[in-house]
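Remarks on the overall topology
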Amino acid sequence: MTKKLPPTAPKTRKRAAPSTPDAGRYYYKGSRLKQMRAFVTTVKLGTLSRAAEALYLSQPSVSLQLQALERELGAELLHRSRRRINLTDAGEALYELARPLVEGWENLDRQFHARVKGMQAGKLTVAAGTSTIQYLLPELVRRYRERFPDVQLQLANVTGKDGLSLLRADEADFAVGSMLDVPNDIAWAPVYHYDPMLITPLDHPLARKESVLLEDLSPYGLILPPQRLSTYRLVDLVFQQRQVSYHVAIEVGGWDVIKEYVAMGLGISIVTGICITDADRQRLAVRNMRQYFPQRSYGVVMRKGKFLSKEAQAFIDLIRPGLLTHRDYDEPGHSER
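Here the structure is a predicted model, which means the values were calculated and not measured.

1. Things to note about the sheet that holds strand 6 (residues 186-194)
On the basis of which strands lie adjacent, the open sheet formed by 5 strands has the order 4-3-5-12-6 and mixed pairing. A single partner strand is all that each edge strand has here, and the edge strands are strand 4 (152-157) and strand 6. Pairwise comparison of adjacent strand axes, ignoring direction, gives a mean angle of 20° for this sheet. Both strand 6 and strand 12 (residues 296-303) contribute to a ladder of 8 bridges, which runs antiparallel. Paired with H193 across the bridge in strand 12 is S297.

Right, dumping it as structure tokens:
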């Protein structure tokens, strides 16, 4: 007679235990991409609540993603305060590496379909000032539209800090314009160069002089753009450096308005050669003042590390192929001044 063995419980596969009691917490969702998206979005928007809203997650979920990323990398990435998130040195290094990767991944579907369809349904936003849109971009836009008629092209009419804000917020792919001081997070490639021009009415005393000195401008009122714009600052800087007196008769925005007022005999002006047309030379006396005032350079402006879409790269290649390649991102900011 044999003894019956007690029935054995069915075998179950044992799940490996976490190496540490809270490993499950820190390896939240187990996705490096999700962690990187949470990190990049939090840095861009500045707070956990805004990042959570943008990612359609709860704030605790975003916080767990960030903790998991710091745990995996073994470094503190963020200083958390009540009002805003600040980057540590390690966080800044990771942000520079992660941002183009995350943006590239998020744009993958659009880039794939644009490439397959030959850019039939893409979108491109270019930031530029009024003079750039009016005098520099028309021919480029015409050529671009001929090659890519189905791309939705938006020209955002902004200048200065507003244009940089669009670039930093990724609300514009790149900008075209002139810069005096280039921040360290911005890359700028000058392409077009224009001389400074003195414009006067045809019957003005300065129009009859063989050569015009800076001192010759002192008796006459200048018509200049508003003080917040770089042209005014450049003109003021030159007069101050050479200790030559001058006075501004009219401040007004827009090169066309300034040219019209000069033609009416309301003053003289120093303008950038970009705005001088053949028609202007029929009604205005135009004199090159490069001996006193610096050239103005116009080119492509973008945020360093920006992932360029195919639509954006195609437009930049019309300006000059190979502009702002990856090696440019590592160069420090510079200034024309």
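On we go.
2. Side note on the nonpolar core
Counting residues in hydrophobic clusters, the biggest one holds 42 residues, and the most contacted among them are L124, Y144, F174, V271, F315 and I319. Not counting residues up to four positions away in its chain, the partners in contact with Y144 are L124, V151, L153, E311, A314, F315 and L318. Counting residues in each nonpolar core, the second largest holds 19 residues, with F39, L55, I85 and A98 among its members.

3. A closer look at the packing of helix 2 (residues 32-45) against helix 4 (residues 59-73)
Running from N to C, helix 2 and helix 4 cross one another at 110°; their axes reach a closest spacing of 9 Å. Classified by the interaxial angle, the pair formed by helix 2 and helix 4 is roughly perpendicular. Considering how the two elements wind past one another, helix 2 and helix 4 form a crossing that is left-handed. Between helix 2 and helix 4, the contacting residues are R32, K34, Q35, M36, A38, F39 and T42 on the first element and V62, Q65, L66, A68, L69, E72 and L73 on the second. Broken down by class, the residue content of the contact of helix 2 with helix 4 amounts to 8 nonpolar, 3 polar and 3 charged.

What counts as what
Residues numbered from 1 in each chain as written. Predicted model: local features only at pLDDT ≥ 70, side-chain atom pairs only at ≥ 80, totals over all residues. Heavy atoms only, no water. Pairing = 2+ DSSP bridges. Helix = DSSP H or I, 4+ residues; strand = E, 2+ residues; numbered from the N terminus. Axes fitted to C-alpha atoms, helices over the stretch in contact; angles between N-to-C directions. Core = buried A, V, L, I, M, F, W, Y, C linked by side-chain atoms within 4.5 Å. Buried < 20%, exposed > 50% of the residue type's maximum accessible area, 1.4 Å probe, protein only. Contact = heavy atoms within 4.5 Å. Parallel < 35°, antiparallel > 145°, perpendicular 65-115°, else oblique. Left-handed = near helix turned anticlockwise from the far one by under 90°. Nonpolar A, V, L, I, M, F, W, Y, C, P; charged D, E, K, R; others polar.

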